[in-house]
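Listed below, chain by chain, are the residues.
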Amino acid sequence: MAFTRATAQLAEKLTGKLTGLTESLTEKHHLSSRSVRTRVGLAGAAALTVTGVVGAAATPAIAAPDGGSGTYALGFVQAMAVGDTIADDVRAQAQAQQRVADAAEEKAEKAEEAEEAEKAAAEREAAEKREAAEKREAEKAAAEKREAAEAKRANERADRSAERRSATGYVDPVAGVDTTTTYKQAGASWSSGKHSGIDFPANTGTPVRSVGPGTVVTVGWGGAYGNQVVIRHDDGKYTQYAHLSATKVSAGQKVDGGQHIGAVGSTGNSTGPHLHFEARNGAYYGSDFNPITYLAGKGVDV
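Analysis parameters
- Residues numbered from 1 in each chain as written.
- Predicted model: local features only at pLDDT ≥ 70, side-chain atom pairs only at ≥ 80, totals over all residues.
- Heavy atoms only, no water.
- Patch = residues over 30% accessible without salt bridge, like charges linked within 9 Å, V, L, I, M, F, W, Y side chains within 5 Å.
- Areas by Shrake-Rupley, 256 points an atom, 1.4 Å probe, with all protein chains shown as cover.
- Salt bridge = Lys/Arg side-chain N within 4 Å of Asp/Glu carboxyl O.
- Lys, Arg positive; Asp, Glu negative; His and termini not counted.
- Charge placed at Lys NZ, Arg CZ, Asp CG, Glu CD.
- Helix = DSSP H or I, 4+ residues; strand = E, 2+ residues; numbered from the N terminus.
- Phe/Tyr/Trp six-rings, centres within 6.5 Å; stacked < 30°, edge-to-face > 60°.
- Buried < 20%, exposed > 50% of the residue type's maximum accessible area, 1.4 Å probe, protein only.
- Pairing = 2+ DSSP bridges.
- Polar contact = N/O pair within 3.5 Å; in protein donor to acceptor, adjacent residues only side chain to side chain.

Draft legend 1. Region of the structure containing a negative patch on the surface. On the surface, a cluster of negative charge is made up of Asp102, Glu105, Glu109, Glu112, Glu113, Glu115, Glu116 and Glu118. Relative to the helices and strands, Glu116 resides in helix 4 (residues 68–163).

Structural data, given as structure tokens:
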């Protein structure tokens with residue numbers, strides 16, 4: 001602080017002396033308006049010396065004795081040139097720093113926009129996945145509900161049909177379903193080249209029933225027939241029920257005509273859910289005969 005005050009006092013004294021000297025030179029030589037401006041410039045140069053902006057640059061010209069107005073003007077010009085250079089450097093630094101700050105701000109804004117866009121995209125993807133999962137669950141629930149309703153209706157039809165069974169005690173194996181593939185129909189799907197029974201297309205789970213009273217002789221896997229049940233009836237003939245999704249009886253069990261023995265499926269060599277039904281003279285493959293004729297002889301029309 002003491003150094004600053006001393007410097008300021010010295011500058012004031014120097015400014016006063018320079019001002020007096022300038023006035024004297026003005027009166028003596030009748031300086032033009034240009035000289036007046038030089039005087040003002042010298043006073044300004046002295047003031048700038050106090051601030052430390054041009055100090056050393058102006059001092060040599062001011063201190064030169066009897067140098068005339070040209071010397072003082074030269075010192076002022078040198079001082080102002082140094083001041084302008086410093087000011088230009090300061091402005092250039094400020095502008096450069098501002099450009100860096102602007103670039104950093106723009107980069108931060110772009111990064112924030114990208115982050116927001118990525119977040120929005122992730123939220124949309126998550127929402128789409130939730131919607132897809134909910135849709136799948138709804139479709140699955142609807143399908144299960146339809147299958148349950150169809151199975152219920154099939155059971156009800158089976159019960160009603162059982163009540164209306166013929167006097168012989170025989171019924172059709174799947175209630176209310178028409179046959180498709182006929183007996184002895186040719187095709188490459190069968191090892192013998194011909195169909196050994198008749199088919200009843202129905203949804204998986206539809207009840208399958210014994211066509212008449214008898215005893216279960218075979219329950220389980222039958223190779224190309226998939227899950228099967230074979231029953232020996234009281235008249236000595238056999239019937240087979242194949243491609244079942246489930247069985248409800250066991251070997252040796254006595255059954256009545258119309259009794260629920262299994263469910264329609266698509267096991268074994270099958271292209272879709274249906275019941276393959278055969279009438280046989282023996283328990284095993286190769287002893288088949290026309291099942292429609294057999295059922296018709298029992299009063300059942302299929």
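Right, picking up where we left off after that structure.
Draft legend 2. Representation of the packing of aromatic side chains within the structure. Under the counting rule described, the total for this entry stands at five aromatic pairs. Aromatic side chains Tyr225 and Tyr285 sit 6.5 Å apart centroid to centroid with 55° between the ring planes, which places their arrangement in the tilted category. Separated by 60 residues along the polypeptide, Tyr225 in the loop between strand 3 (214–221) and strand 4 (227–233) and Tyr285 in the loop between strand 9 (274–280) and strand 10 (288–289) bring together distant segments of the chain. Its relative accessible area of 14% is what places Tyr225 among the buried residues. Where Phe289 meets Tyr294, the ring centres are 5.7 Å apart and the plane angle is 85°; that geometry is what we call edge-to-face.

Draft legend 3. Structural context of the sheet that holds strand 6 (residues 246–247). What the three strands build is an open sheet, ordered 2-8-6; its pairing is antiparallel. Each end of this open sheet is capped by a strand with a single partner; those strands are strand 2 (207–209) and strand 6. Two elements, strand 2 and strand 8 (residues 260–263), share three bridges in a ladder whose sense is antiparallel. When the bridges of strand 8 are listed, Pro207 appears paired with Ala263.

Draft legend 4. Inspection of the side chain of Asp172 at higher detail. Relative to the helices and strands, Asp172 is located in the loop between helix 4 and strand 1 (198–201). Polar side-chain contacts of Asp172 include one of 2.4 Å to the side chain of Arg209.

Draft legend 5. Highlighting the pattern of salt bridges. Enumeration according to the criterion identifies six salt bridges in this entry. A salt bridge links Glu106 to Lys110, with the nearest nitrogen and oxygen atoms 3.4 Å apart. Note that Glu106 and Lys110 are positioned in helix 4 at a spacing of four residues, about one turn of the helix.

Draft legend 6. Spatial organisation of the pairing of strand 5 (residues 238–244). Counting buried positions over the seven residues of strand 5 gives seven, a clear majority of the element. Sheet analysis places strand 4 next to strand 5, joined by five bridges and oriented antiparallel. If you follow Val230 over to strand 5, its bridge partner there is Gln240. Here strand 4 folds back onto strand 5, and the loop between the two strands holds four residues, one of which, Gly236, carries a positive phi near 90°. One ladder, built from five bridges, connects strand 5 with strand 9; its direction is antiparallel. Counted as the bridge partner of Tyr241 is Phe277 from strand 9.

Draft legend 7. A look at the pairing of strand 9. Judged by how many residues are buried, strand 9 sits mostly within the fold: seven of seven residues are covered. Neither face of strand 9 is exposed, since His274, His276, Glu278 and Arg280 on one face and Leu275, Phe277 and Ala279 on the opposite face are all buried. In the sheet, strand 1 pairs with strand 9 via four bridges, with the strands oriented antiparallel. Note that in strand 9 the partner of Phe200 across the bridge is Leu275. With two bridges joining them, strand 9 and strand 10 adopt antiparallel strand pairing.

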